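Breakdown of the fold
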Amino acid sequence: MGEVLIAAVLTIITAATPLVYASIGEMISEKAGVLNLGVEGMMLMGAVCGFAAVNATDSSAIGIIVGMLAGSGLSLIFAVLVLGFQATQVATGLALTIFGIGISSLIGQDLVGIAYDGLPKLPIPGLSAIPVAGKLLFNHDILVYGSFVLILVVSWFLRSTRSGLILRAVGDSHDAAHAIGYHVIRIRYMAILFGGAMSGLAGAYLSLSYSPLWIENMSAGRGWIALALVVFATWRPWRVFTGAYLFGGITILQLHAQALGIGVPAQVMSMLPYVATIIVLVLISQDHNKIKLNAPACIGKPFHPTS
Amino acid sequence: MRKTTRLHNVIKGVTGVLVASTIMFSVSTASAEDAKVGFVYVGPVGDHGWTYRHDLGRQAVEKETGAETTFVESVEEGADAERVIRKLASSGHNIIFTTSFGYMNPTLKVAKQFPNVKFEHATGYKQADNMATYSARFYEGRAVIGTIAGMMSKTGVVGYIASFPIPEVVRGINAFALAMQKVNPDAVVKVVWVNSWYDPGKEGDAAKALIDQGADMITQHTDSPAPLQVAEQRGVQGFGQASDMSAFAPTAQLTAIIDDWDPYYVSRVKAVMDGTWTSGDVWEGIDTGMVGFAPYGDAVPADVRAAADAVKQGIVDGSLHPFTGPITNQAGEQVIGEGETLDDGVLLSMDWYVQGVQGELGQ
């Protein structure tokens, strides 16, 4: 049973990792006041380009970098439209998703049916030998470690750095930030590109590690889940992280419960991850003042530097 | 004349305009003697499974009849499907194939509004004067792979990744379990429902969960090759679904059930062209080739191949029916006795598990 539990937790980590990347990236973008609904499309771009790069070069490092660049490349289109041309963020983001789904299928046409072994596991010498904990924490591929580092860095960045404060200021009141001399547009560009890169990484994780293959539309809605996590976690990094693991965890545990033959109808089981994640996140985020404090006040609003 | 319109339809509503405009494009190019054929797919054509095989059928139609075809992929089952089907019907298509169970009611609704257009719905049970149904007896294929699983599984525990609890899927699970038990009476089939036809990540996770719980063989009724890929990584064996998936699991795939819609689609489109199309209900199996198989994997020994071939042969010549009694349901009640077989009516509405299947079947 212990073995099964460890195996289940390992699967939970792999299920949560793409959600961590995509939702943390989106959170940064939203903290700067930009709502980018194109997460699903950027993930697919990252997935297909990362997979294509690995297929062409045999280097997983290049695959990961290309996946990241592909995600931010797509987000650059979004950034130019909403920041440069003041297009509506919601509609542009939706269009970005549709565009991403289409273009990734086109790029990936010749990649369907090609198999890949997946990113190599990188056990950390010494630490990975610790019983149980070594297996759970120190025997993963580079992208899982990366997601741990990401959450630490991002929460530190938002809480304790001057740049983090500026980013939040831009998202809370772009006019005020502009008045005291910050480059609102430039900061938003960077936030969008960072969000795109993280979505790209999430996608690269899907096609290089989670299920190492390319098939059309393989993200299967994870981008939308990442978007929802950000809101339900009220734009707080550790809650976003918790939400991703909660969702991934319950998804995997209900699969295990089914495999064990527990007598609960499968439909109820499938519903659980969604219901439980929403309930838990809503319960821990009940304080309205705190939500107001954390929610970027300028989200979705276009910024005119001249006015 | 050949023309293909490729559409992505994922976000409801937003893409509606796109769908309409793209299909309208192909109208002007159709001439009187040509048939225009529409296809509605539940997944992307690149899923390497269910939708991929239907699309090969569409390509066969283009090649052999010269008809113009249109397809719309990744169409959600439900309200969105009705909109897509109506667009196809109102834009000059003579025959429309809707290729998933969940399109049944939308297809019927649109069929009533367009009496001059022929509709063909896959795997459903509602017909009309201008709406035929067709399906393959996949359970025959399940009986063959169940035999292989029974002979080759060491733990006697097989993991079954299932999509939605509809008769089609339940029937496959039961046929598989019965065939397995014939060889190994203690065999257990563990079923995990992922509530999706297509979610590579989740399908793979379900395979991992099943393997972690002691299954040494994996089979699936979902559309992506991800579960088989997990089987390959974990060193267990499995079966491809809908198409040959050996590229993803060169050692793990023992064989695959292959859906071959090509001859049926070609014959139905030809019937529309010469005006001989009539409504009906087709349910074909191994005998006509609608249910086919991938070559056996290297891991399958000669005696298992012989046994599997014998099951195929028995089904083709009618001496073997996969649902032959005695059959006992999950609760331990005998459904039919020795020598009796379940008729098609029972098979088409199957909503109960046979003994040896583990899991709860929601209603």
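As a convention, each chain's residues are numbered from 1 in the sequence order in which they are written. All chains are assigned letters beginning with A, and all ligands numbers beginning with 1, in the order in which they are written. The predicted origin of the model limits local features to residues at a pLDDT of at least 70 and limits the giving and counting of side-chain atom pairs to 80 or more, whereas totals for whole chains, interfaces and linings rest on all residues.

Here we come to the overall build of chain A. The numbering of helices and of strands both runs from the N terminus, where a helix is a DSSP run of H or I of at least 4 residues and a strand a run of E of at least 2. Check the secondary structure of chain A and you find 13 helices and two strands. A radius of gyration in this sense is built from C-alpha atoms; the matching globule rule multiplies 2.2 Å by the number of residues raised to 0.38. For chain A, the C-alpha radius of gyration of 20 Å lies close to 19 Å, the compact-globule estimate for 307 residues. In this scheme the burial state of a residue depends on its C-beta neighbours within 10 Å: 20 or more other such atoms mean buried, 12 or fewer mean exposed, and anything in between means partly exposed; the C-beta positions come from the backbone. Out of the 307 residues belonging to chain A, those deemed buried represent 50%.

Once that is clear, we can look at the overall build of chain B. Regarding its fold elements, chain B presents eleven helices and 16 strands. Relative to the 2.2 N^0.38 estimate, which gives 21 Å for 363 residues, the radius of gyration of chain B is 21 Å and therefore close to what a compact globule would have. Structurally, chain B occupies a C-alpha span of about 60 × 40 × 40 Å along its principal axes. Considering only intrachain contacts with a sequence separation of at least 6, the fraction spanning at least 24 residues in chain B is 65%. By the criterion used throughout, residues are in contact when their C-beta atoms, derived from the backbone, lie within 7 Å.

Given 3.6 residues per helical turn, the α-helix brings residues three or four places apart onto the same face. All names here are of chain A. The first and last C-alpha atoms of helix 1 (residues 2-31) sit 41 Å apart over 30 residues, in line with the 44 Å expected at 1.5 Å per residue. To obtain the bend at a residue, axes are fitted to the seven residues ending there and to the seven starting there, and the angle between these axes is taken. When the local axis directions of helix 1 are compared, the greatest deviation, roughly 30°, occurs at Ala 16, which is followed within four positions by the proline Pro 18. Buried residues dominate helix 1, accounting for 21 of its 30 residues. At the C-terminal side of helix 1, Gly 33 shows a positive phi close to 95°. Take the number of residues in a helix, subtract one, and multiply by 1.5 Å to get its expected span.

A few words on the environment of B:Ser91. As for its placement among the helices and strands, B:Ser91 is situated in the loop between helix 3 (79-90) and strand 4 (95-98). In this structure, the C-alpha to C-alpha distance between B:Ser91 and B:Gly38, residues 53 residues apart in sequence, is 9.9 Å.

With that settled, consider the interface of chain A and chain B. Taken together, the contacts link 38 residues of chain A with 38 residues of chain B. Only helix 1, helix 4 (89-107), helix 9 (184-210), helix 11 (237-260) and helix 12 (266-284) of chain A provide two or more residues apiece to the side of chain A that touches chain B. Here the side of chain A that touches chain B gets seven residues from one element, more than from any other, and that element is helix 11 of chain A. Polar here means any residue other than Ala, Val, Leu, Ile, Met, Phe, Trp, Tyr, Cys and Pro, which are nonpolar, and Asp, Glu, Lys and Arg, which are charged; Gly is therefore polar. When grouped by side-chain class, the residues that make up the side of chain A that touches chain B number 22 nonpolar, 15 polar and one charged.

Residue and element names in this part refer to chain A. Interaxial angle, 0 to 180 degrees, is taken between N-to-C directions of lines fitted to C-alpha atoms, where a helix line uses only the stretch in contact. Close contact between helix 1 and helix 6 (residues 142-160) brings their axes to 10 Å; oriented N to C, the two are set at 30°. On the basis of their axis angle, the class for helix 1 and helix 6 is roughly parallel. The hand of the helix 1/helix 6 crossing is left-handed. In this structure, helix 1 uses Ile 13, Thr 17, Val 20, Tyr 21, Ile 24, Ile 28 and Lys 31 to contact helix 6, whose residues at the interface are Leu 143, Val 144, Ser 147, Leu 150, Ile 151, Val 154 and Leu 158. A class-by-class count of the residues in the contact of helix 1 with helix 6 yields eleven nonpolar, two polar and one charged. The scheme is simple: roughly parallel for angles under 35 degrees, roughly antiparallel for over 145, roughly perpendicular for 65 to 115, oblique for anything else. When the near helix sits turned anticlockwise from the far one by under a right angle, the crossing is termed left-handed; a clockwise turn instead gives a right-handed crossing.

Residue and element names in this part refer to chain B. By the assigned domains, chain B splits into domain 1 (4-136) and domain 2 (138-258 + 292-358). What marks off one domain from the next here is an automatic or database domain assignment. Relative placement of domain 1 and domain 2: their C-alpha centres are 30 Å apart. Listed per partner, the contact involves 13 residues of domain 1 and 13 residues of domain 2. The element that contributes the greatest number of residues to the side of domain 1 that touches domain 2 is helix 2 (residues 50-65), accounting for four residues. A breakdown of the residues in the side of domain 1 that touches domain 2 according to their chemical character gives six nonpolar, five polar and two charged.

Here the focus is the nonpolar core. The term nonpolar core means buried Ala, Val, Leu, Ile, Met, Phe, Trp, Tyr and Cys residues held together as one set by C-beta atoms within 7 Å. Counting 192 residues, the largest nonpolar core has A:Leu229, B:Ile173, B:Val189, B:Val192 and B:Ile218 as its most contacted members. Among the domains, domain 1 (4-136) and domain 2 (138-258 + 292-358) of chain B are the pair contributing at least three residues each to this core. The contact partners of B:Ile218, leaving out residues within four places of it in the chain, are B:Gly159, B:Ile161, B:Ala207, B:Leu210, B:Ile211, B:Pro227, B:Leu228, B:Ala231, B:Val236 and B:Gly238.

Attention now moves to the environment of B:Asp186. All names here are of chain B. Locating Asp 186 in the fold gives a position in the loop between helix 6 (167-183) and strand 8 (188-193). For Asp 186, a count of 9 C-beta atoms within 10 Å gives the class exposed. The spacing of Asp 186 and Gly 356 is 170 residues in sequence and 7.6 Å in space, taken between C-alpha atoms.

Another point: the pairing of strand 10 (residues 237-242) of chain B. Residues and elements named next belong to chain B. Burial analysis of strand 10 places six of its six residues in the buried class, the great majority of the element. Examined bridge by bridge, strand 9 (residues 217-220) and strand 10 share two bridges and lie parallel to one another. Bridge pairing in strand 10 places Ile 218 opposite Gly 238. The handedness rule is simple: strands pointing away from the viewer, and a clockwise path from the first strand over the helix to the second, make the crossover right-handed. Between strand 9 and its parallel partner strand 10, the chain crosses via helix 8 (residues 226-234), and the hand of that crossover is right-handed. Both strand 10 and strand 11 (residues 253-259) contribute to a ladder of five bridges, which runs parallel. In the strand pairing of strand 11, Phe 239 is matched with Thr 255. Note: two strands are recorded as paired if DSSP finds a minimum of 2 bridges between them.

This part takes up the sheet that holds strand 7 (residues 157-162) of chain B. All names here are of chain B. Read from one edge of the open sheet, seven strands run 13-11-10-9-7-8-16, paired in mixed fashion. Where the open sheet ends on each side, the last strands, each with one partner, are strand 13 (291-293) and strand 16 (357-358). Pairing of strand 7 with strand 8 involves six bridges; the strand directions are parallel. The residue bridging Tyr 160 from the neighbouring strand is Val 191, located in strand 8. On top of the sheet, helix 5 (residues 138-152) reaches strand 7, strand 9, strand 10, strand 11 and strand 13; it is set at about 175° to strand 11, its chief contact.

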